[in-house]
Amino acid sequence: MTTFTSAPHPSIPERPIHTAAAQGPAAVEAFALTKRYGRADTGVTALDNVSVRFDAGKFTAIMGPSGSGKSTLMHCLAGLDTADSGRILLGGTELTGLNDRELTALRRERIGFVFQAFNLVPTLTAEQNITLPLALAGTAPDAGWLATVVNTLGLKDRLKHRPHELSGGQQQRVAVARALLTRPDVVFGDEPTGNLDSKAGGEVLALLRRSSQEMGQSIIMVTHDPVAASYADRVVLMSDGGLVGEIHQPTAEAVLAALGKLGA
Ligand code: ADP
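Residues numbered from 1 in each chain as written. Predicted model: local features only at pLDDT ≥ 70, side-chain atom pairs only at ≥ 80, totals over all residues. Heavy atoms only, no water.

A. Main features of the environment of glycine 216. By the secondary structure assignment, glycine 216 is in the loop between α6 (198–215) and β8 (219–222). Each C-alpha atom, one on glycine 216 and one on aspartate 185, is 9.9 Å from the other, the two residues being 31 residues apart in sequence. Setting aside anything within four residues of it in sequence, one finds glycine 216 in contact with Gly57 and Ser211. (Helix = DSSP H or I, 4+ residues; strand = E, 2+ residues; numbered from the N terminus. Contact = heavy atoms within 4.5 Å.)

Right under this line is the structure:
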């Protein structure tokens, strides 16, 4: 990859539109994000002037060929990495300019994460894992909300189990419950079904979709799997560090065809 002149898909405006009447609130918005790695002459443009909005309460998948900038975009949106230029608004808060302590607090209080590796604490029970972020923040869980999340994710009978006593799918459901419990502005998923077989993966994806449809949870998921992406309300396509298209109400076939055109 060298340098690119970004040519956004006609349906993706160069800058997010701000007509409140036309759109609901945004969970996250990025404005002209650019990030390069390495030296000016030999480096790589990981993000090339990316502007995108993710609607609140929706489930969005980010897809594209390997090296297209998906992880870099997600890490910047989630405050895990910083762009060279551009702005990010998360739930109305400007991330740009927050110091490390403020970013850490924002990630703890306003963002949920579900990674490919389940990242559960092996010595804690499922329930203790689910409530850990709140315990770390010194807050008690809302009993009603905890029960709703646990019931929705089918974990009621598993709360006293430790991770090694649970299947991979059950462990990932615990991770999803942990992400939902703080009612974050956004749940970010990084290949959340990458370690699961297709049945367990399908169950986790269906639960993610339910949590957006029934609980209004905003979800942004990076995946390379067209079937996983088909659970989302919308797929955003990246190539060479830029946005090149989007698909609403995606089917796996439509996603596969779009990726094929990108050479993925
Ligand atoms: P994707 O998630 O779509 O595979 P990435 O965001 O990981 O893409 O990477 C985008 C580009 O940035 C790639 O060319 C990758 O090699 C480069 N890149 C990512 N992280 C680093 C890094 N830490 N140092 C140097 N280059 C990087």
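Having seen the structure, we can now continue with the description.
B. Local environment of the sheet that holds strand β2 (residues 44–55). Taken in spatial order, the 4 strands of this open sheet run β2-β1-β4-β5, and their pairing is antiparallel. Both edges of this open sheet fall to β2 and β5 (93–94), since each of them pairs with a single strand only. In this sheet, β2 lies alongside strand β1 (residues 26–37) in antiparallel orientation, the contact comprising 8 bridges. Its bridge partner being in β2, alanine 30 is matched across the sheet by valine 52. (Pairing = 2+ DSSP bridges.)

C. Highlighting the pairing of β1. Remark: 6 residues form the turn of the hairpin made by β1 and β2, two consecutive strands paired antiparallel; glycine 38 in that turn has positive phi of roughly 85 degrees. The pairing of β1 with strand β4 (residues 85–90) spans 5 bridges and is antiparallel. Bridged to glutamate 29 within β4 is leucine 89.

D. Quick look at the environment of leucine 256. Within the element layout of this structure, leucine 256 appears in helix α8 (residues 252–261). Between the alpha carbons of leucine 256 and arginine 209 there is a distance of 20 Å; along the sequence they are 47 residues apart.

E. Representation of the site of the ligand. Not every one of the 12 residues close to the ligand is listed here, only the nearest: Gly67, Gly69, Lys70, Ser71 and Thr72. A distance of 3.1 Å separates an oxygen atom of the ligand from a polar backbone atom of serine 68. One nitrogen or oxygen atom from the side chain of threonine 72 is found 2.6 Å from an oxygen atom belonging to the ligand. Protein contact buries 59% of the 560 Å² of open area that the ligand shows by itself. Looking at the shell around the ligand, the elements with two or more residues in it are β2 and α1 (70–77). A total of 3 residues in the shell around the ligand trace back to one element, the largest contributor, which is α1. (Near = heavy atom within 4 Å. Polar contact = N/O pair within 3.5 Å; in protein donor to acceptor, adjacent residues only side chain to side chain. Areas by Shrake-Rupley, 256 points an atom, 1.4 Å probe, with all protein chains shown as cover.)

F. Examining α1 more closely. Most of α1 sits out of view: 6 of its 8 residues are buried. Taken residue by residue, α1 has Lys70, Thr72, Leu73, Met74, Cys76 and Leu77 as its buried positions. (Buried < 20%, exposed > 50% of the residue type's maximum accessible area, 1.4 Å probe, protein only.)

G. Just the pattern of salt bridges, in detail. Following the criterion strictly, the structure yields 12 salt bridges and no others. Note that aspartate 142 and arginine 183 form a salt bridge whose closest N and O atoms lie 3.6 Å from each other. Separated by 41 residues along the polypeptide, aspartate 142 in the loop between α3 (126–136) and α4 (143–152) and arginine 183 in the loop between α5 (168–181) and β7 (186–190) bring together distant segments of the chain. Accessibility expressed as a relative area gives 44% for aspartate 142, which makes it partly exposed. Judged by its relative accessible area of 48%, arginine 183 falls in the partly exposed class. (Salt bridge = Lys/Arg side-chain N within 4 Å of Asp/Glu carboxyl O.)

H. The arrangement of the packing of aromatic side chains in detail. Per the counting criterion, the structure on display carries 2 aromatic pairs. Ring centres 5.5 Å apart and planes at 5 degrees place the aromatic pair phenylalanine 113 and phenylalanine 115 in the stacked group. Of the residues examined, phenylalanine 113 reaches a relative accessible area of 16% and is grouped as buried. For phenylalanine 115, a relative accessible area of 27% gives the class partly exposed. (Phe/Tyr/Trp six-rings, centres within 6.5 Å; stacked < 30°, edge-to-face > 60°.)

I. Expanded view of the packing of α4 against α5. Where α4 contacts α5, the axes come no closer than 10 Å and their chain directions differ by 150 degrees. The pairing of α4 with α5 is recorded here as roughly antiparallel in orientation. Crossing hand, α4 versus α5: right-handed. Judged by residue contacts, Trp145, Leu146 and Val149 of α4 engage Ala177, Leu180 and Leu181 from α5. Among the residues forming the contact of α4 with α5, the class breakdown is 6 nonpolar, no polar and no charged. (Axes fitted to C-alpha atoms, helices over the stretch in contact; angles between N-to-C directions. Parallel < 35°, antiparallel > 145°, perpendicular 65-115°, else oblique. Left-handed = near helix turned anticlockwise from the far one by under 90°. Nonpolar A, V, L, I, M, F, W, Y, C, P; charged D, E, K, R; others polar.)

J. Representation of the packing of α3 against α5 within the structure. Remark: α3 packs on α5, axes separated minimally by 8 Å, with the N-to-C direction vectors making an angle of 30 degrees. Classed by the angle they form, the pair α3 and α5 counts as roughly parallel. Read as a crossing pair, α3 and α5 show a hand that is right-handed. In contact with Ala126, Asn129, Ile130, Thr131, Pro133 and Leu134 of α3, α5 contributes Val174, Ala177, Arg178 and Leu181. Here the contact of α3 with α5 is composed, by residue class, of 7 nonpolar, 2 polar and 1 charged.

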